[in-house]
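Here's the letter readout for the chains.
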Amino acid sequence: MTRLDSVIRRLTAQRDLLDWASRIISPTGLVLELGLGNGRTYDHLRTRLPGREIYVFERSPAAHPACLPEPKYLMVGDIFDTLPPFIEAVGRRRAALIHADIGSGDERLNREVALRMSPLLDELLQPGGLLLADRSFALPHCEDVTRETGVAEGRYYVYRRQ
Ligand code: SAM
């Protein structure tokens, strides 16, 4: 498999999962996008979930202006600085869907970030809430349901809060 094949597979899995989750998430609860990047997945989510409040977390927003959320929904800064006060403000167990796409090319750092972020996401998801992620997380109150989605193992990760 070429690197092009690999990127296409990952992006296809990402899009299919965003579509899948958009169809089945609870009609109530917050939606979070962690890592705005170019705004591609944010644009997809807001199109699939019209009318839903989508909070976006990004340390250095540089997306196309058409893909920037309103300032009220854009949490600028390092997620480890912005997420704890956000949880404090909105309350625990409030998220119906979290999409985390914050990986870099540094696998060791990615693992550290996922381990450190896990308790925050575990706390924020509401019962039945879903986490879609570009890497594995360690969530004590969630079940790994990736297999239910038909996505190939290791391509993307899906967790459901009990
Ligand atoms: N999903 C995006 C898209 O479709 O365009 C791509 C996201 S890109 C792979 C990852 C983004 O996460 C980058 O813009 C990076 O700045 C952001 N990011 C990574 N770690 C972060 C952190 N600790 N706090 C805030 N933003 C972070």
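Above this text you will find the structure in question.
Residues numbered from 1 in each chain as written. Predicted model: local features only at pLDDT ≥ 70, side-chain atom pairs only at ≥ 80, totals over all residues. Heavy atoms only, no water.

## Overview of the site of the ligand
Here's step 1: Around the ligand, the surrounding shell holds 15 residues, and the nearest of these are N38, T41, E58, I79 and D101.
Here's step 2: Within the contact set of the ligand, an oxygen atom lies 3.2 Å away from a backbone nitrogen or oxygen of G39.
Here's step 3: D101 has a polar side-chain atom sitting 2.8 Å from a nitrogen atom of the ligand.
Here's step 4: Here the ligand, which alone exposes 610 Å², has 83% of that area covered by the protein.
Here's step 5: Classifying every residue of the shell around the ligand by side-chain character gives three nonpolar, six polar and six charged. (Near = heavy atom within 4 Å. Polar contact = N/O pair within 3.5 Å; in protein donor to acceptor, adjacent residues only side chain to side chain. Areas by Shrake-Rupley, 256 points an atom, 1.4 Å probe, with all protein chains shown as cover. Nonpolar A, V, L, I, M, F, W, Y, C, P; charged D, E, K, R; others polar.)

## Quick look at helix 2 (residues 40-48)
Here's step 1: Turning to helix 2, its buried residues are T41, Y42, H44 and L45. The buried residues of helix 2 all sit within an arc of 160° when viewed along its axis, so they share a single face.
Here's step 2: The elements touched by buried residues of helix 2 are helix 1 (3-24), strand 1 (30-34), strand 2 (54-58) and strand 4 (95-100). (Buried < 20%, exposed > 50% of the residue type's maximum accessible area, 1.4 Å probe, protein only. Helix = DSSP H or I, 4+ residues; strand = E, 2+ residues; numbered from the N terminus. Arc of directions from axis to C-beta. Contact = heavy atoms within 4.5 Å.)

## Considerations on the environment of G103
Here's step 1: Note that G103 resides in the loop between strand 4 and helix 4 (107-124).
Here's step 2: Remark: the alpha-carbon pair of G103 and T2, spanning 101 residues in sequence, is separated by 20 Å.
Here's step 3: With near-sequence residues (within four places) excluded, G103 lies in contact with N110, D134 and R135.

## Concerning the pairing of strand 4
Here's step 1: Judged by how many residues are buried, strand 4 sits mostly within the fold: six of six residues are covered.
Here's step 2: Taken together, the five bridges between strand 1 and strand 4 define a ladder with parallel strand orientation. The partner of L32 across the bridge, within strand 4, is I98.
Here's step 3: Strand direction decides the pairing type here: strand 4 and strand 5 (residues 125-133), joined by five bridges, are parallel. From the neighbouring strand, A95 faces strand 5, where its bridge partner is L125.
Here's step 4: Taking the sense of rotation as the criterion, the β-α-β connection linking strand 4, helix 4 and strand 5 turns out right-handed. (Pairing = 2+ DSSP bridges. Right-handed = clockwise from strand over helix to strand, strands pointing away.)

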